[in-house]
Amino acid sequence: MSRLEILKTYKIYIGGKFPRTESGRFYTPKNGTTPLGNICLSSRKDFRNAVVAARGAFDGWSGATAYNRSQVLYRIAEMLEGRKAQFMDELMQQGSTKGAAEKEVHASIDRIIYYAGWCDKYTQLFSAVNPVATSHFNFTVPEPTGVVSVFAPEENSLIGLISTIIPVIASGNTCVVLASENKPLCAITFAEVINSSDVPGGVINILTGTRKELHSHMASHMDVNALFYTGNDKKEILEIKKLAVDNLKRVVVKDFVTIYSAEHDSPYYIEDFVEMKTTWHPIEKIGAAGSGY
Amino acid sequence: MLPTLLFSLNLEFNFFRMIKKTTVYLNNPSPSVDQVGIIDRIDRITSRSIKDETKLQGLKLALNMVDLTTLEGADTENKVRQLCNKAQHLHDAYPGLPTVAAVCVYPNFVKTAKQCLQGSGINVASVATAFPSGQSSLEVKLLDVKIATDAGAEEIDMVISRGKFHEGEYNFVFDEIATIKEACGKSRLKVILETGELGSFDKVRKASDIAIEAGADFIKTSTGKISPAATLPVTLVMLEAIKDHYYRTGIQVGMKPAGGISNSKLALQYLLLVKETLGKDWLTNQWFRFGASSLANDLLMQIVKQQTGVYQSKDYFSKD
C-alpha cells in the first residue's frame, strides 16, 4: 500500500518554547526537487518576541557561575552526541554526502566541548592588572555584551550554527539566531537538543526565514547590543553597519569559509562579544609600606 | 406545572417588594452574568489587531489615561518626587506626547505629590480606607480619606469591605461607600472591588452595582496587591454594569482596570472593549483610567517604535 509522506513542520524556538511564527507563513526549501520540510517564515514580530525572551534570560545566564555555564555547554554536546544519527540524516537530506555529514556532526560536537572548556578560563586570559601612576589598583575584566543578533552561515548549516552561537553564549550573552535559509533543518533539530539540555529558555532563540526580510530589524533593534554577521553580501553588510550605529551595537562580520580549520577553535571568538570593564580602586599607602594589596 | 410556576412568580414578586422597603440599590437586582458569553466576547476582542495611524492614536490615548502608581511599603518622599517628575517628562526626546492622567500614591505622600505636580494639570490620586485590605473601622477609614483630601488629593481610591460582602452584608458595604463618598467632598471617588477576592462574575456584577448605586464616580478592579488583578473578562462585567446604570439613569460612571496591565497590546484591547461596550464618550481620561506603573514605559516605547520604525529598548527610557 502506498502512503502519503508527512512533511515535517519545523517550528521556531523562542524563550524555551516552540511556537509557530505569529505571521502564520511558511516556506518549503528544496534539495533539488525534494522538499525538505515546512519551515516557518519568521516575521519581524517573531524577532521582537525573541529579543524580549533573550533580554529576560540575560540576567540569569550572565549571572550564573562560569563553571555552571561550562557544564551546561558540555551537556549540549552530550545530547548532540546522542542524536548524531538524526543530524547526519538531515544533513544528507540537505545534500551532504554521508562522509561529509559525519565529519560535520563530529566537528560540531568537538567544537562545543572546546568552548565549554573556555567558559571559566577566558576571563583570566583577557583580564589584566594595569600599571598606573597613581595610588590605585587598576584592573580590567571582560563582561558579556548583552543580547546578540546572530546570522548563522548559509552553508555548513550545523557546524556554522554551532561556531557562531556557542562562543557568543559562553561568556554569558544571550542570542537570537537566524538559521540558514535554504538548509534550516539542523537548526531546529538543534533547538530540540538545547531544549532537552540544561540551557535556560531564552538564552538561545532560533528563527528561520529570510535574511532579506529580517536583517534590518536585527540590526536596528535598540535592545540588541551586538551583532554577528556571517557572509559576504556587501550591500547587506553596509546597511547593517549603518543601522547598528543608533545604539552603538558591536558589529562583527566574518566570512566562514574555512569553518573546519583550527583557527575557529579560538577564545578570540568569545572576546568578540565581551565589554572590557576597567576599575580604579583606591589603595592606601602608609609611609613607605608599598602597595596595599 | 402551572401552579408551581405561579407560586414561584408570586414568591419572586414578594421578594422584590420586601427588598424595596429596606434598600435603595436592590431596586434593580443584579442580573446574573453569562460567563460563556463574556469569555467569547473577550476572545473576539483579543484576536483583533490595530495598526498604523489608529494604533498610534490608541497608544497616545492610553498614555493619557494612565494613573502612574507607586504603592509600595518602601516608598519614600524622593521616590514620589521622582515619579511626579516622570509624569511630567515622560520622554522629552519626543515632544508632543500627552501626559498621564494622575499620579497615585499613599495619603502621606499626597502633599509632596501636589507640590511637585503644581500647574501641570496632572491630578493627584490617593488610595485610602485602610488600603489594600480595607480591614479597619469606619472611623479610621474616614480619617484616612480626610488626610488625603486635606492634603489636596483630587481623587480617592477606596477599597470595599470584601469580608462583609462575602458575609452577605450588602447594606454595610453600600452604606460604607456612601459615607466615604460624602467624606470625599469634591474629590472624585474610585471604588476598588478587588475582583480577585470576589470569586465569580456574578459577585463582581453585584459589587459593581452596589458601588455605582452608592455614588462611585469610578469603579476599579483591583488594588494590584492580589492576583489575579485586572482581566479583560472582569472588566467587561463591570462595564456592563456601568452601561445598564447609564441606560437607566443617564449618569456616567468611570472605569479603572488596575494591576497586571503592563503591555501596550493589552491596553489597546481594553480601549477596544470600552469603545464597543460604552461608546466613545468613555474614551477620555475623565471616564477611563489604567492603574499601572510599567505600562507607561511600554506605551512610550511603542509610540517611538510607531514613529521611527525601530524597536526600542528600556535602556533609553527613564525608569520612574
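Everything numeric here is computed off the predicted structure, so don't read it as measured data.

Procedures and definitions
Residues numbered from 1 in each chain as written. Chains lettered and ligands numbered in written order. Predicted model: local features only at pLDDT ≥ 70, side-chain atom pairs only at ≥ 80, totals over all residues. Heavy atoms only, no water. Helix = DSSP H or I, 4+ residues; strand = E, 2+ residues; numbered from the N terminus. Rg over C-alpha atoms; globule rule 2.2 N^0.38 Å. Contact = heavy atoms within 4.5 Å. Areas by Shrake-Rupley, 256 points an atom, 1.4 Å probe, with all protein chains shown as cover. Lys, Arg positive; Asp, Glu negative; His and termini not counted. Charge placed at Lys NZ, Arg CZ, Asp CG, Glu CD. Buried < 20%, exposed > 50% of the residue type's maximum accessible area, 1.4 Å probe, protein only. Salt bridge = Lys/Arg side-chain N within 4 Å of Asp/Glu carboxyl O. Axes fitted to C-alpha atoms, helices over the stretch in contact; angles between N-to-C directions. Parallel < 35°, antiparallel > 145°, perpendicular 65-115°, else oblique. Left-handed = near helix turned anticlockwise from the far one by under 90°. Pairing = 2+ DSSP bridges. Domains from an automatic or database assignment. Nonpolar A, V, L, I, M, F, W, Y, C, P; charged D, E, K, R; others polar. Patch = residues over 30% accessible without salt bridge, like charges linked within 9 Å, V, L, I, M, F, W, Y side chains within 5 Å.

Draft legend 1. Structural context of the overall build of chain B. Assigned secondary structure in chain B consists of 12 helices and eight strands. Taken over the C-alpha trace, chain B has a radius of gyration of 21 Å; the compact-globule value for 320 residues is 20 Å, and the two agree within 12%. In terms of overall dimensions, chain B has C-alpha extents of about 75 × 45 × 30 Å along its principal axes. Excluding contacts between residues fewer than 6 apart, the proportion of contacts in chain B whose partners are at least 24 apart in sequence is 76%. Accessible surface computed for chain B: about 14800 Å², of which carbon and sulfur atoms make up 53%. Treating the 37 positive side-chain charges of chain B as one cloud and the 35 negative ones as another, the clouds have centres 3 Å apart.

Draft legend 2. Fine view of the overall build of chain A. What chain A contains, in helices and strands, is 10 helices and 13 strands. Against the compact-globule benchmark of 19 Å for 293 residues, chain A has a radius of gyration of 21 Å, which places it among compact chains. With the C-alpha coordinates of chain A rotated into their principal frame, the extents come out at 95 × 40 × 30 Å. Evaluated residue by residue, chain A yields a buried proportion of 49% over its 293 residues. At a minimum sequence separation of 6, the contacts of chain A that also span at least 24 residues come to 76%. Accessible surface computed for chain A: about 13300 Å², of which carbon and sulfur atoms make up 54%.

Draft legend 3. Examining the pattern of salt bridges more closely. Per the counting criterion, the structure on display carries 35 salt bridges over all chains. Here Lys254 of chain A and Asp272 of chain A are joined by a salt bridge, their closest N and O atoms 3.0 Å apart. Here Lys254 of chain A is found in strand E12 (residues 250-254), whereas its partner Asp272 of chain A is found in the loop between helix H10 (268-271) and strand E13 (274-282), with 18 residues between them in sequence. According to the relative accessible area criterion, Lys254 of chain A is partly exposed, its value standing at 24%. Since its relative accessible area comes to 19%, Asp272 of chain A is described here as buried. For Lys79 of chain B, the salt bridge is made with Asp75 of chain B, and the minimal N-O distance between the two is 3.8 Å. Classification of Lys79 of chain B by relative accessible area gives partly exposed; the value is 25%. We classify Asp75 of chain B as buried; its relative accessible area is 9%. One salt-bridge network, held together by shared partners, links Asp67, Glu155, Asp157, Lys190, Lys220, Lys256 and Arg289 of chain B.

Draft legend 4. Structural detail: the environment of Phe288 of chain B. Residues and elements named next belong to chain B. Take Phe288: it is sitting in the loop between helix H11 (264-278) and strand E8 (290-292). On the accessibility criterion, Phe288 (0% relative accessible area) is buried. Put simply, Phe288 and Val253 are 35 residues apart on the chain and 9.1 Å apart in space, counted from C-alpha to C-alpha. Sequence-distant contacts of Phe288, defined by excluding residues within four places in its chain, comprise Met65, Phe218, Met255, Pro257, Tyr270, Leu271, Val274 and Trp282.

Draft legend 5. Layout of the packing of helix H3 (residues 84-93) of chain A against helix H4 (residues 98-118) of chain A. All names here are of chain A. Remark: H3 packs on H4, axes separated minimally by 9 Å, with the N-to-C direction vectors making an angle of 130 degrees. In this view, H3 runs oblique relative to H4, as classed from their interaxial angle. Considering how the two elements wind past one another, H3 and H4 form a crossing that is right-handed. Residues Lys84, Phe87, Met88, Leu91 and Met92 of H3 pack against Lys98, Ala101, Glu102, Glu104, Val105, His106 and Ile109 of H4.

Draft legend 6. Summary view of the sheet that holds strand E1 (residues 9-10) of chain A. Residues and elements named next belong to chain A. Strand order in the open sheet made by the three strands is E1-E5-E2, with mixed pairing throughout. Across the chains shown, the open sheet's two edge strands, defined by having one partner strand only, are E1 and strand E2 (26-27). In this structure, E1 lies alongside strand E5 (residues 38-40), joined through two bridges in parallel fashion. Of the residues in E5, the one forming a bridge with Tyr10 is Ile39.

Draft legend 7. Highlighting the domain arrangement of chain B. Annotation of chain B at the domain level lists domain 1 (1-30) and domain 2 (32-316). If you average the C-alpha positions of domain 1 of chain B and of domain 2 of chain B, the two centres end up 35 Å apart.

Draft legend 8. How the structure looks around the packing of helix H2 (residues 66-82) of chain A against helix H6 (residues 157-170) of chain A. Residue and element names in this part refer to chain A. In the contact formed by H2 and H6, the axes pass within 10 Å of each other and the chain directions differ by 155 degrees. Considered as vectors, H2 and H6 are oriented roughly antiparallel to each other. Here H2 contributes Arg69, Leu73, Ile76 and Leu80 to the contact with H6, which in turn contributes Ile162, Ile166, Ile169 and Ala170. Broken down by class, the residue content of the contact of H2 with H6 amounts to seven nonpolar, no polar and one charged.

Draft legend 9. Fine view of the sheet that holds strand E7 (residues 136-144) of chain A. All names here are of chain A. Strands sit in the order E6-E7-E13 across an open sheet of three strands; the sheet is antiparallel. Only two strands of the sheet have a single partner each, and these edge strands are strand E6 (128-130) and E13. Averaged over all pairs of adjacent strands, the angle between strand axes in this sheet comes to 25 degrees, irrespective of strand direction. Pairing of E6 with E7 involves three bridges; the strand directions are antiparallel. Paired with Asn130 across the two strands is Asn138, which belongs to E7.

Draft legend 10. Representation of a positive patch on the surface within the structure. A contiguous patch of positive charge on the surface is contributed by Arg44 and Lys45 of chain A together with Lys51 and Lys265 of chain B. The topology assignment puts Arg44 of chain A in helix H1 (residues 44-63). Relative accessible area serves as the criterion here: at 34%, Arg44 of chain A is assigned to the partly exposed category.

Draft legend 11. Structural view of the environment of Ser30 of chain B. Residue and element names in this part refer to chain B. On the secondary structure map, Ser30 appears in the loop between helix H1 (2-22) and helix H2 (35-46). Looking at Ser30, the relative accessible area reads 22%, which means it is partly exposed. Linking Ser30 and Pro228, residues 198 residues apart in sequence, is a C-alpha distance of 23 Å. For Ser30, the residues in contact, after removing those within four places along its chain, are Arg205, Lys206 and Asp209.

Draft legend 12. Looking closely at the side chain of His264 of chain A. Residue and element names in this part refer to chain A. Note that His264 resides in the loop between E12 and H10. Under the relative-accessibility criterion, His264 is labelled buried at 4%. Not counting the four nearest positions on each side in its chain, His264 is found in contact with Arg111, Tyr115, Phe256, Thr258, Ile259 and Tyr269.

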